Amino acid sequence: MVADNGKKSKVAERGEEDSDHIDGELVLSIEKLQEIQDELEKVNEEASDKVLEVEQKYNEIRRPVYIKRNEIIQSIPDFWLTAFLSHPALSDLLTEEDQKIFKYLVSLDVEDCQDLKSGYSIIFNFSPNPYFEDTKLVKTYSFTEEGVANITGTTIKWKEGMEIANGNGHEKKGGKRPFTEESFFSWFGETQQKNFSDGVTDEVAEIIKEDLWPNPLKYFNNEADEEDFDGDEDDEEGSEDDEDGEQDDDEEDDDEDDS
Amino acid sequence: MVVDKGKKAKFAERGEEDSDHIDGELVLSIEKLQEIQDELERVNEEASDKVLEVEQKYNEIRGPIYRKRNDIIKYIPDFWLTAFLSHPALSNLLSEEDQKIFKYLESLDVEDFKDLKSGYSITFNFSPNPYFEDRSLKKTYSFFDEGTTNITSTTIKWKEGMNTANGVAYEKNGNKRPFPEESFFSWFGETQQKSISEGFSDEVAEIIKEDLWPNPLKYFNNEADEEDFDGDEDDEEGTDFEDEDDDQADEDDS
């Protein structure tokens, strides 16, 4: 029978003195083994497809919940700004100026492509503001079959004088940054194509998508370590952890107002 | 209403001059937000459970196929030894002596615990041999919810003189090994409990389970880079079959 000669090479060492009959058995065994591997591969592909189906289904279930959530968040002033500032990694990314801009941040949205595999977008929605013309800043990641990540980001239409003030004027693509105070908004300009083999595509994106987006309330409440929270909350501008004590303060203020 | 004071903390900064009414609305919004997060968490748990169900189902489908595969492999002499030696990482782990021992290796088996999450074991089955009494060497990894991993392993019953020869006599738990030729079999002795935060770092186990076990034929055939194979095969002890006709001719002549 015609056999793939490559497959026989490793066993030829042993099979020199064997008759063709045994060699033939070996070859047969290897062929059967290959069939088994092919069968396993089909099973694995089917498993991956089914897992993806489940994830796609639950992603669709989550969408309306996220939309509902967005509406509730509108009633909480500076929600996303607070959440960012309470996140251990993200807080470092906002300069003083960025924080002022974030006061105009109306909502954040993370949307997967419908099939989940092809990519996702992170959208920052702003109300009209003195910093840039845009009301929507989007960064999109598209993954191709070959493992390449295509990244696109809104080119921000900064209003006059606003870009330099934010340290964005001298931004270099992906290289060293002369300003110590790098603006968060330079992130929208970082759009080089990357390969998965290079490692993490975009850490900020991953943190927002995988960590902040699923449960921003946890950070907003500074509940990352809930046991510590009640005891150690020490930037006490208005911490009312000590219910009785603070209440008294409030009541005192009220009294003052009344008088 | 009774409200978790912690949640009000962040607003109080802004809300000092607000009336109680607005504070009340804020608190209500935050409570509603918490309910949404709880809803999301339920959805996520359900999704994880469903994904695990799928994986468990396919693991059961794979079981009999692996058994069938094992039966076929018995007819291929030195299959696992060859596959190990052809694997870029694993080949470095076998000393000369280990390779001799591996000639008695009948089969390899990787089995997940039924629920998949709790762990798995890797079993090396040997025919009777001059090196150790055991027929089966097994290493088991158990994962607990708290994130710790328990590792248990066969204590090899080496036959007289065989242990030292393999350089494992001086093995220290997880530390420096004075012998340059470390035996692969010392891997069975490495059983310190680790927490996942340290990173589950039994690389050998991961390579065997995730890379070798799913498709050992790929390595056996040295097909890792298939285009190179036919051209670059240069440890030519027996690649006569590349040129089948010549070989046939030789045998006929002799």
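Residues numbered from 1 in each chain as written. Chains lettered and ligands numbered in written order. Predicted model: local features only at pLDDT ≥ 70, side-chain atom pairs only at ≥ 80, totals over all residues. Heavy atoms only, no water.

In the annotation of an unreviewed UniProt entry, the entry for chain B reads NAP1-related protein 2-like, and the organism field reads Phoenix dactylifera. In UniProt, chain B has this text filed under Sequence similarities (unreviewed entry): "Belongs to the nucleosome assembly protein (NAP) family." (UniProt positions renumbered as here; feature names shortened; annotations may be inferred.)

An unreviewed UniProt entry lists chain A under the name NAP1-related protein 2-like isoform X3, with Phoenix dactylifera given as the organism. The Sequence similarities (unreviewed entry) field of the UniProt record for chain A holds the comment "Belongs to the nucleosome assembly protein (NAP) family."

1. Overview of the pattern of salt bridges
Counted by the stated rule, this structure contains 17 salt bridges over all chains. Between R63 of chain A and D109 of chain A there is a salt bridge; the shortest N-O distance is 3.7 Å. Remark: D109 of chain A occurs in strand β1 (residues 105-112) and R63 of chain A occurs in helix α2 (residues 20-74); sequence separation between them is 46 residues. On the basis of relative accessibility, which here comes to 23%, the residue R63 of chain A falls in the partly exposed class. Since its relative accessible area comes to 13%, D109 of chain A is described here as buried. Close ionic contact of K100 of chain B with E97 of chain B constitutes a salt bridge, the shortest N to O distance being 3.4 Å. With K100 of chain B and E97 of chain B both in helix α4 (residues 96-102) and three residues apart, the pair spans about one turn of that helix. On the basis of relative accessibility, which here comes to 44%, the residue K100 of chain B falls in the partly exposed class. (Salt bridge = Lys/Arg side-chain N within 4 Å of Asp/Glu carboxyl O. Helix = DSSP H or I, 4+ residues; strand = E, 2+ residues; numbered from the N terminus. Buried < 20%, exposed > 50% of the residue type's maximum accessible area, 1.4 Å probe, protein only.)

2. Some thoughts on the UniProt feature "coiled-coil region" (unreviewed entry) in chain B
Within this numbering scheme, the UniProt entry marks residues 26-57 of chain B as carrying the feature "coiled-coil region" (unreviewed entry). End C-alpha atoms of residues 26-57 of chain B are separated by 46 Å, and the span's content is 100% helix alongside 0% strand.

3. Side note on the pairing of strand β4 (residues 148-153) of chain B
All names here are of chain B. As paired elements, strand β3 (residues 136-143) and β4 share five bridges and run antiparallel to each other. Residue pairing for β4: Y141 is matched across the bridge by I151. Counting the residues between successive antiparallel strands, the hairpin from β3 to β4 contains four residues, one of them, G147, with a positive phi of roughly 100°. (Pairing = 2+ DSSP bridges.)

4. Focus on the packing of aromatic side chains
Counting across every chain of the model gives 52 aromatic pairs over all chains. With centroids separated by 6.2 Å and ring planes inclined at 65°, the aromatic side chains of Y104 of chain B and Y131 of chain B adopt a geometry described as edge-to-face. In this pair, Y104 of chain B sits in the loop between α4 and β1 (105-112) while Y131 of chain B sits in the loop between β2 (119-126) and β3, placing the two residues 27 residues apart along the sequence. Y104 of chain B gets classed as partly exposed once you look at its relative accessible area, which sits at 28%. Y131 of chain B sits in the buried class, given a relative accessible area of 10%. Through a chain of ring-to-ring contacts, the aromatic side chains of F84, F102, F124, F126, F132, W158, F184, F185, W187 and F188 of chain A assemble into a single cluster. Above the ring of W213 of chain A, the side-chain terminus of R69 of chain A is found at 4.5 Å from the ring centroid. Between R69 of chain B and the ring centre of W213 of chain B, over which it is positioned, the NZ or CZ distance is 4.5 Å. (Phe/Tyr/Trp six-rings, centres within 6.5 Å; stacked < 30°, edge-to-face > 60°. Lys NZ or Arg CZ within 6 Å of the ring centre and 35° of its normal.)

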